[in-house]
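Spelled out, the chains give:
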Amino acid sequence: MAMIVTENLCKSFHSLEVLKDVSLTIDQGEVVCIVGPSGAGKSTYLRALNNLETINSGKIYIDGVLIEDREKGSHTNKVKISRSERLSILLELGMVFQRFNLFPHMTALENIVIAQTTVRKRSKEEATEKALDLLERVGLLDKTNEYPSKLSGGQQQRLAIARALAMDPKVMLFDEPTSALDPELVGEVLAVMKKLAEDGMTMIVVTHEMAFARDVADRVVFMADGVIVEQSPPEEFFNNPKNPRLREFLRRTITREE
Amino acid sequence: MEKLQQIITWMPALLKATQTTLLLSVTSTLTALFLSVFLALGKISKINIINKPCSAYIFFFRGTPLLMQLFFIYYTLPQLIPSLTIKSRFVAAWIAFSLNIAAYLAEIIRAAIQSIDKGQLEAAKALGMTYGQTMRLIVIPQAYRRMIPPICNEFVMVLKDTSLVSIIALSDLTFQTRMIAANKASSLVYIPAMFIYLVITAVFTFIFNKLEKKLSVYE
């Protein structure tokens, strides 16, 4: 079953076209890794899904519900749904950022509790219980009352994952989750993500970690210059790339990795 | 020694006038703080009918001298609209100072709010928080700490600017000092007066520093 469907997404920043008719469908339970050179539009695609960027034209369906429908040239959203309906659909998407974006004035626990109580309207007790559960799941139970500044980059990112999971999303979006980390801290974050994938979470991961894409992804998508150039299961993607640009990209990244 | 004794005899009158200076500084700053939060949020707002008046207010009160604003409220307003006559010099000064300080504090608060990393807004939005919740729970609590040093600076300026009220004959520390200087024909009185200003400034700077430390536990 399709969890996310995007049709002909276009997005420009002034005269720079970042997304050019990007169409992609992600099935429930699928793990899709998006790779490509920087400036390819990978992050913008993710950010368009959860409305951090407003698309210029195209259609976005989340869990079967059309939430964006803009025609080329007109730019107004033809979908008329109430704000609360829209919010509850967008809440099905959890987001993990490159720079974590934890709330620095709150402890690890409070970071996970705050949106549960204010947005999901859970009681403090219920939210705390869930937060402790998630802290244990990402291996941070001993950091419950620490402020983010006292945590390593890897710990901060795991906390950010827990914070997103607390909202019970159906899809998790990862925007280069390990790019801001020291190399020795990358593994612990990828391990948490791998576990999440094994538990059946639908995931879209923008990443430069080719090994992760090869191991965990069901499908790898190569984006360059705002278009999807090639997509296939990892086996084929890495062993038998067809597009010359992808071949060049893989040659460079893989040699660098090894 | 004789001079020191002379100075000591003036102290009770000076300290009494100091109360007015302190009361005016503190009440005006607190009133201004309240007003400035709305002005700052108003100026940040993307809605024109909200941000334009707020910007105009700030522009006006920062663009004209405080002394003129004080004259306007105490002398001009009663002449324009007699029903708006303010009899109490203190109340007139309090209004003028509050309105003026609010403009400066609004800019301090706006700058602090806008200095918060955009990633914080994005994280809050991705978690489904509304604009109001994001401001109240995420942005403003972080902005507090950054506001403390410039607000302290502003308060010290206000404390000294209150000496302007001596011109409308409100009996503050400066007014009292000038009276003593005139009546006793001695300009020595400016020494203890300046010393009092210095002590008050030192005390408030100390308090603000403590407050800043207390609010930065998480850094």
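All values derive from a computational prediction rather than experimental measurement.

(A) Quick peek at the overall build of chain A. A tally of helices and strands in chain A yields 9 helices and 10 strands. Taken over C-alpha atoms, the radius of gyration comes to 18 Å for chain A, in line with the 18 Å a tight globule of 258 residues would show. Once the C-alpha set of chain A is aligned to its principal axes, its extents read approximately 50 × 50 × 35 Å. Residues classed as buried in chain A amount to 56% of the 258 residues present. For chain A, the proportion of contacts with a sequence separation of at least 24, taken over those separated by at least 6, is 63%.

(B) Region of the structure containing the overall build of chain B. A count of helices and strands for chain B gives 8 helices and 0 strands. For chain B, the succession of helices and strands along the chain, N to C, is α-α-α-α-α-α-α-α. Counting only C-alpha atoms and orienting by the principal axes, one finds that chain B spans roughly 70 × 50 × 20 Å. Counting over 219 residues, chain B shows a buried share of 45%. Within chain B, counting contacts between residues at least 6 apart in sequence, those at least 24 apart form 75% of the total. Within the structure as shown, chain B displays about 12,000 Å² of accessible surface, and the carbon and sulfur contribution to it stands at 70%.

(C) Main features of the sheet that holds strand E7 (residues 171-175) of chain A. Residue and element names in this part refer to chain A. Across the sheet, 6 strands lie side by side as E6-E7-E8-E3-E9-E10; this open sheet has mixed pairing. Looking at which strands have only one partner, the edges of the open sheet turn out to be strand E6 (93-96) and strand E10 (227-232). The mean inter-strand angle of the sheet, taken between neighbouring strand axes irrespective of direction, is 20°. Here 4 bridges tie strand E3 (residues 31-35) to strand E9 (residues 219-224), and the two strands are oriented parallel to one another. Looking at E9, one finds that Val35 is bridged to Phe222. Of the strands in this sheet, E6 and E7 touch helix H5 (residues 153-165), which is tilted by about 165° from E6.

(D) Inspection of the interface of chain B and chain A at higher detail. In this assembly, 19 residues from chain B lie in contact with 26 residues from chain A. Taken together, both faces of the contact between chain B and chain A bury some 1,800 Å²; the carbon and sulfur share is 64%. Three residues, B:Glu122, B:Leu127 and B:Tyr218, lead the burial of chain B against chain A; their summed loss comes to 34% of the area buried on that side. Summed over the shared surface of chain B and chain A, the result is 6 residue pairs in polar contact (both at pLDDT 80 or more). Counting residues per element, the ones that place at least two in the side of chain B that touches chain A are helix H5 (118-126) and helix H6 (131-161) of chain B. Ranked by residue count, the leading element in the side of chain B that touches chain A is H5(B), at 7 residues. When its residues are assigned to classes, the side of chain B that touches chain A shows 10 nonpolar, 5 polar and 4 charged.

(E) Quick peek at the side chain of B:Thr177. Residue position: B:Thr177 is located in helix H7 (residues 173-183). Sequence-distant contacts of B:Thr177, that is, excluding residues within four places in its chain, are made with B:Leu14, B:Val189, B:Tyr190 and B:Ala193.

(F) Quick peek at the pattern of salt bridges. Under the definition given, this model contains 21 salt bridges over all chains. Among the ionic pairs, A:Glu248 bridges to A:Arg252, the shortest N-O distance being 3.1 Å. Here A:Glu248 pairs with A:Arg252, and both are found in helix H9 (residues 244-257), just 4 residues apart, close to one helical turn. Note on A:Glu248: relative accessible area 30%, which makes it partly exposed. Accessibility expressed as a relative area gives 56% for A:Arg252, which makes it exposed. The closest approach of N and O atoms between B:Arg110 and B:Glu107, which form a salt bridge, is 3.1 Å. Placement of both B:Arg110 and B:Glu107 in helix H4 (residues 89-114) is noted, with a separation of 3 residues, approximately one turn of the helix. Judged by its relative accessible area of 12%, B:Glu107 is buried. Via salt bridges that share partners, B:Lys43, B:Arg62, B:Glu107 and B:Arg110 belong to a single interconnected network.

(G) Local environment of the nonpolar core. Residues and elements named next belong to chain B. Core analysis: the largest hydrophobic core is formed by 53 residues, its most contacted members being Leu14, Phe97, Ile113, Met147, Val165 and Phe208. If you list the elements that add at least two residues to this core, you get helix H1 (2-44), helix H2 (48-63), helix H3 (66-80), H4, H6, H7 and helix H8 (190-215). Looking at which element gives the most residues to this core, the answer is H4, with 13 residues. Beyond its immediate chain neighbours, meaning those up to four positions away, Phe97 contacts Leu24, Ser28, Leu66, Val158, Asp161, Thr162 and Val165.

(H) Quick peek at H1(B). Taking 1.5 Å per residue as the helical rise, H1(B) with its 43 residues ought to reach 63 Å, and the 59 Å between its terminal C-alpha atoms agrees with that figure. Roughly 40° is the biggest bend found in H1(B), and it falls at B:Met11, with proline B:Pro12 one to four residues downstream.

(I) Looking closely at the sheet that holds strand E5 (residues 65-70) of chain A. Residues and elements named next belong to chain A. The antiparallel open sheet is built from 4 strands, whose spatial order is E2-E1-E4-E5. Here the strands that pair on one side only, and so sit at the sheet edges, are strand E2 (16-27) and E5. Recorded for the sheet is a direction-independent mean angle of 10° between the axes of neighbouring strands. Of the strand pairs in this sheet, strand E1 (residues 2-13) and strand E4 (residues 57-62) are connected by 5 bridges, and their pairing is antiparallel. Bridging from a neighbouring strand, Ile4 pairs with Ile62 of E4. Contacting E1, E2, E4 and E5, helix H1 (residues 42-49) crosses the sheet at an angle of about 120° to E1. Against the sheet, helix H2 (residues 83-90) contacts E4 and E5, and its axis sits at roughly 110° relative to E5.

(J) A look at H4(B). Taking 1.5 Å of rise per residue, 26 residues should cover 38 Å, and H4(B) covers 38 Å from first to last C-alpha, within 8% of that figure. Put simply, B:Ser88 is the residue that caps the front of H4(B), since its side-chain oxygen is 3.2 Å from the backbone nitrogen of B:Phe90.

Thresholds applied
- Residues numbered from 1 in each chain as written.
- Chains lettered and ligands numbered in written order.
- Predicted model: local features only at pLDDT ≥ 70, side-chain atom pairs only at ≥ 80, totals over all residues.
- Heavy atoms only, no water.
- Helix = DSSP H or I, 4+ residues; strand = E, 2+ residues; numbered from the N terminus.
- Rg over C-alpha atoms; globule rule 2.2 N^0.38 Å.
- Buried < 20%, exposed > 50% of the residue type's maximum accessible area, 1.4 Å probe, protein only.
- Contact = heavy atoms within 4.5 Å.
- Areas by Shrake-Rupley, 256 points an atom, 1.4 Å probe, with all protein chains shown as cover.
- Pairing = 2+ DSSP bridges.
- Axes fitted to C-alpha atoms, helices over the stretch in contact; angles between N-to-C directions.
- Buried area = accessible area lost by both parts, 1.4 Å probe.
- Polar contact = N/O pair within 3.5 Å; in protein donor to acceptor, adjacent residues only side chain to side chain.
- Nonpolar A, V, L, I, M, F, W, Y, C, P; charged D, E, K, R; others polar.
- Salt bridge = Lys/Arg side-chain N within 4 Å of Asp/Glu carboxyl O.
- Core = buried A, V, L, I, M, F, W, Y, C linked by side-chain atoms within 4.5 Å.
- Expected span 1.5 Å × (residues − 1).
- Bend = angle between axes of the 7 residues up to and from the residue.

Taken by themselves, the reported measurements are silent on function.
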